[in-house]
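Listed below, chain by chain, are the residues.
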Amino acid sequence: MARWCYRHRLVVLLLWVGALFGLGFSASTAGTDYANVFSLPDTDSKKAYDLMEKAFPASAGDTDTVVWKVDEGSVRDQDVRSRIQPVLDEIAGMKGVGGVTGPYPADAAGAAQISGDGRIAYAQITFTEQANAVPKELVQDVVDTARGAGQDGLEVEVGGQAIQRVQEPPTGLAEMVGLAAAAVVLFLAFGSLYAMLLPLAVAVFGVGMGLFSTQLLSHVTDIPDLAPLLSSLIGLGVGIDYALFIVTRHRKGVLRGLDPEESTVVALNTSGRAVLFAGGTVCIALAGMLVTNLRFLDGVVIGTSLTVVLSVLAATTLLPALLGFLGARVLSRKQRRMLAATGPEPERSSGPAARWSMGVQRRPRTIAALALVVMAVLALPVLSLRLGATDQGNDDASTTTRKAYDLLAEGFGPGFNGPLQVVVDGGDATALTAGIKDTPGVARVAALPPASGVTVIQVVPTTSPQSAETDTLIDRLRDDVIPEAGAQAHVGGVTAVSKDFATVTGDRLPLFIATIIGLGFLLLLVAFRSLVVPLTAAVMNLVAAAASFGVLVAVFQWGWGLDLLGLGKEGPINAFLPVIMLSLLFGLSMDYQVFLVSRMHEEWVHTRDNARAVRVGLAETSRVINSAALIMVCVFLAFVLSGDSGAAMAGVGLAAAVALDAFILRTALVPATMHLLGDSNWWLPGWLEKRLPHLAVEPKEEAAPATAAAGEGPASVVHGFVRNTAGEPVEDATVTLMSQGGRELDRVTSLADGSYILSVPAPGTYLLATTAAPPLLKRARRLTVVGEPLVYDVELEEAAEVS
């Protein structure tokens, strides 16, 4: 596949461009039809909503608020009433609005909607649908009409769940900042503009195709509007990372003497396999969300998984084609000049990565202990994790919802922004109303006229919707007050729904975690033929999750650094975030584990030396893993700029998770632990080995036979002559024998007559790379050795001048 894509690169590129523009045109023509289908069956708040919908069909929808404040005088003044009342009447007449309840005329009922000092008043707008089903066009008309009544000395703002949905931040800002930051990291890593552009191109194609496909799918299935945001978040990260791994392996092959086509094939046959496996693990981790039985997450799974699949497809088909267009220009000019002048570089690990790897091997206990202490300290805040929901109080201070929220809290108390609805369908509603009034934590109570045997009691707490005291009040009403009054009633409203959602999520979280850890364990067990490697990975994933949620709690729940990030005040962690974040975290953690351990496993298969396998694997992969993680951190942190508190929370949490996973766990704790465990890392019972299916992350390569390892001579040899096109011998040409995975097995220099001879460890298929000083061209060919010495002559052509 890689060779075909390389050789037919123009066809592949045109197919991808055509598919991207075709999907884009279709998606823009069809438009969006995202549906936030949100249902919590068998919860008290859902029962309350069902009763409301049955008894008050025109009032069971979302209730939002128009609030106004005068700088001087009173909201009862005629000039204020003459501006506000016509606006409320116009809103009430809009299709999709069930009714508007205002403070005028200021009778006994209306007086409750005016603050004690007379400077702030509000009107309630009741839509016929829940917030997620109200058309955005209607909501925008309400906002424009209401705010149009404002003037000097009269401030008019609009708040509520439906209103919040139309305050979408400028699209694309976070993605562009993330791409720019990734470009800087890639350029520093590669030193080549062309190489830098490759991962960005793959990510753009993968994410673009994923978003357009998700938009089209929104017309045939329920997909929430959260899905495209999360799809772009994860798609950019994995798309860039997957291409980075392949391009890094390709550049290494070219530097070691392979021609660009052969190097591309080797890169896709090694790192490409790991990319396929890693993408599969991410999709499986995302699919783990389905076990929570939270139906609105189904659309998130569809959108994010589709984007990951398309990113993997772009990395394994589009990327080889782009590498074909670049050829040797995938290297920097300096690298091309050095390659032409000195020949291929030897296979060696040097620099900071190699020194760190040696240090981990020498002091595994110390490094493991330090890493565990750091992760434990960061995980401590997770003990106070409280799930809930953000509200308009977390919006940007310049938004109308935040201004309305603050005005209502100023005029009527903090609990006014999260009223509860006690829906009574049996028993003495009057006695229940009296009992609720006497309940600690209740500021105001108002019973609405009954309909169809159902009475709704509006309850305003003394504390804000995000407060733990409000959650306690809901429990007290359900467990004590309602049973004592002998009534059949249910507590509903947005605040109660948020609390129930947090409870349901918390209850199902253990099953979800067990599912994704179990699936990840099985995948790694099959891939690496070991019980200890997947067990270690599972433990490390739990450690990473605890530490990353600790950071999340410290920032968003405790408020550490919120002012610096410009994200408002502290509050509970969004209840849906643990499920989504853990899915992405376990998937990405599996990526790094696969790339790290696959190189270790490759070395273990050849040498059966655990210390060497861990040392070489860490030295050769830590730099690229850290670069990939740094790119992910930049992309995720950029979503702080999205203006969406949920996206910002997910971005910070995932950035912390990836940074801790790559820089501490995979770079220090995992290799240190594997050094301490020794050969037992690769232990697998014989009976299990026979029953496991074979799934190789890296191409299968036979280890050298024992005779060769013992010094009794190679299994065979490859020998011949190196000549130029005129048939003259080429002296001092570098001839290298490599495995199909690009691992150097033997290297010699041709003699004066051009002859060479290489040792072959065992029969099989190998790569033979030959490079000579300019003006001769390097050459790479695939050879099959069947057991007897193989004669192979190499002919080198003159190379063009390196530009």
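Fair warning: this is a prediction, and the values are worked out from it, not measured in the lab.

Calculation notes
Residues numbered from 1 in each chain as written. Predicted model: local features only at pLDDT ≥ 70, side-chain atom pairs only at ≥ 80, totals over all residues. Heavy atoms only, no water. Patch = residues over 30% accessible without salt bridge, like charges linked within 9 Å, V, L, I, M, F, W, Y side chains within 5 Å. Areas by Shrake-Rupley, 256 points an atom, 1.4 Å probe, with all protein chains shown as cover. Salt bridge = Lys/Arg side-chain N within 4 Å of Asp/Glu carboxyl O. Lys, Arg positive; Asp, Glu negative; His and termini not counted. Charge placed at Lys NZ, Arg CZ, Asp CG, Glu CD. Helix = DSSP H or I, 4+ residues; strand = E, 2+ residues; numbered from the N terminus. Buried < 20%, exposed > 50% of the residue type's maximum accessible area, 1.4 Å probe, protein only. Contact = heavy atoms within 4.5 Å. Core = buried A, V, L, I, M, F, W, Y, C linked by side-chain atoms within 4.5 Å. Phe/Tyr/Trp six-rings, centres within 6.5 Å; stacked < 30°, edge-to-face > 60°. Lys NZ or Arg CZ within 6 Å of the ring centre and 35° of its normal. Expected span 1.5 Å × (residues − 1). Arc of directions from axis to C-beta. pLDDT = per-residue confidence, 0-100. Polar contact = N/O pair within 3.5 Å; in protein donor to acceptor, adjacent residues only side chain to side chain.

The next subject is a negative patch on the surface. On the surface, Glu90, Glu137, Asp141 and Asp144 cluster together into a negatively charged patch. For Glu137, the position within the fold is in helix α6 (residues 136-147). Overall, Glu137 belongs to the exposed group, its relative accessible area being 58%.

With that out of the way, let us pick up the environment of Leu200. Among the secondary structure elements, Leu200 is positioned in helix α9 (residues 193-217). With relative accessibility at 12%, the residue Leu200 sits in the buried group. Ignoring any residue separated from it by four or fewer positions in sequence, one finds Leu200 in contact with Leu179, Ala182, Ala183, Leu186 and Ile240.

If you look at the biggest cluster of nonpolar residues, it comprises 147 residues, and the most contacted ones within it are Ile240, Met289, Leu582, Tyr592 and Phe636. Looking at this core element by element, the count peaks at 17 residues for helix α22 (residues 577-607). Val70, Ile91, Val97 and Ile125 belong to the second-largest nonpolar core, a separate cluster that totals 30 residues.

Under the definition given, this model contains 19 salt bridges. Of the charged contacts, one joins Glu262 and Arg782 as a salt bridge, the two residues approaching to 2.7 Å between their closest N and O atoms. Separated by 520 residues along the polypeptide, Glu262 in helix α11 (residues 260-287) and Arg782 in strand β16 (residues 779-785) bring together distant segments of the chain. Glu262 sits in the buried class, given a relative accessible area of 6%. For Arg782, a relative accessible area of 34% puts it in the partly exposed group. The partner of Glu603 in a salt bridge is Arg612, and the shortest N-O contact between them spans 2.7 Å. Classification of Arg612 as partly exposed rests on a relative accessible area of 31%. One salt-bridge network, held together by shared partners, links Arg3, Arg7, Glu261, Glu262 and Arg782.

Let us look at the side chain of Thr736. The residue Thr736 is located in strand β12 (residues 734-738) in this model. For Thr736, the contacting residues outside a window of four places in its chain are Glu744, Asp746, Arg747, Leu758, Leu767, Leu768 and Ala769.

As enumerated under the stated definition, the model contains eight aromatic pairs in all. Each ring, one from Trp16 and one from Phe205, has its centre 6.2 Å from the other, and the planes form 85°; the classification is edge-to-face. In this pair, Trp16 is assigned in helix α2 (residues 9-30) and Phe205 in helix α9, connecting sequence segments 189 residues apart. Taken together, a centroid distance of 6.1 Å and an interplanar angle of 40° make the contact between Trp68 and Tyr104 tilted. Taken as a pair, Trp68 in strand β1 (residues 63-70) and Tyr104 in the loop between β2 (97-101) and α5 (108-111) lie far apart in primary sequence, 36 residues in all. Just as Trp68 is buried, Tyr104 falls in that class too. Among the aromatic residues, ring-to-ring pairing joins Tyr122, Phe412 and Phe416 into one connected group. Directly above the aromatic system of Tyr6 lies the positively charged group of Arg9, at a separation of 5.3 Å from the ring centroid. The positively charged end of Arg329 is found above the aromatic ring belonging to Tyr194, 5.5 Å away from the centroid.

As a further point, take α2. Along its 22 residues, α2 runs 31 Å from first to last C-alpha, staying within 8% of the 32 Å computed at 1.5 Å per residue. Residues of α2 that are buried include every one of Val12, Trp16, Leu20, Gly24 and Ala27, and no others. Seen end-on, α2 carries its buried residues on one side only, within an arc spanning 95°. Structural note: α2 exposes Leu14, Leu15, Phe21, Phe25 and Thr29 on the side pointing more than 90 degrees away from its buried face. Contacts from the buried residues of α2 go to α1 (2-7), α9 and α12 (296-326). Just downstream of α2 lies Gly31, where phi reads positive at about 75°.

Another aspect to go through is helix α16 (residues 400-412). For α16, spanning 13 residues, the distance from its first C-alpha to its last is 18 Å, which sits close to the expected 18 Å at 1.5 Å a residue. Those residues of α16 that fall on the buried side of the exposure criterion are Thr400, Thr401, Arg402, Ala404, Tyr405, Leu407, Leu408 and Phe412. Buried residues along α16 sit in contact with β1, β3 (120-127), α6, β4 (154-159), α7 (161-165) and β7 (442-447).

Looking now at the confidence of the model for the protein chain. In low-pLDDT regions, the fine details of the predicted coordinates are not to be read closely. On average, the protein chain scores 83 in pLDDT, and the residues at 70 or more come to 92%. Mean pLDDT values over the elements of the protein chain span from 38, in helix α26 (residues 706-709), up to 94, in helix α15 (residues 364-379). With pLDDT under 50 throughout, residues 701-713 is counted as low confidence; its partners more than four residues away or in other chains account for 16 contacts.

Among the surface-exposed residues, Val184, Phe187, Leu188, Leu193 and Leu197 lie close enough to one another that they form a single nonpolar patch of about 500 Å² accessible area. Taken together, the elements giving at least two residues each to the nonpolar patch come down to α8 (173-190) and α9. Of all the elements, α8 adds the most residues to the nonpolar patch, at three residues. Mapped onto the fold, Leu188 is located in helix α8.

As a further point, take the environment of Glu689. Turning to its location among the elements, Glu689 is positioned in helix α25 (residues 686-691). What makes Glu689 partly exposed here is its relative accessible area of 30%. Glu689 sits 164 residues away from Leu525 along the chain, and the two C-alpha atoms are 9.9 Å apart. Engagement of the side chain of Glu689 in a polar contact is seen with the side chain of Arg529, the distance being 3.2 Å.

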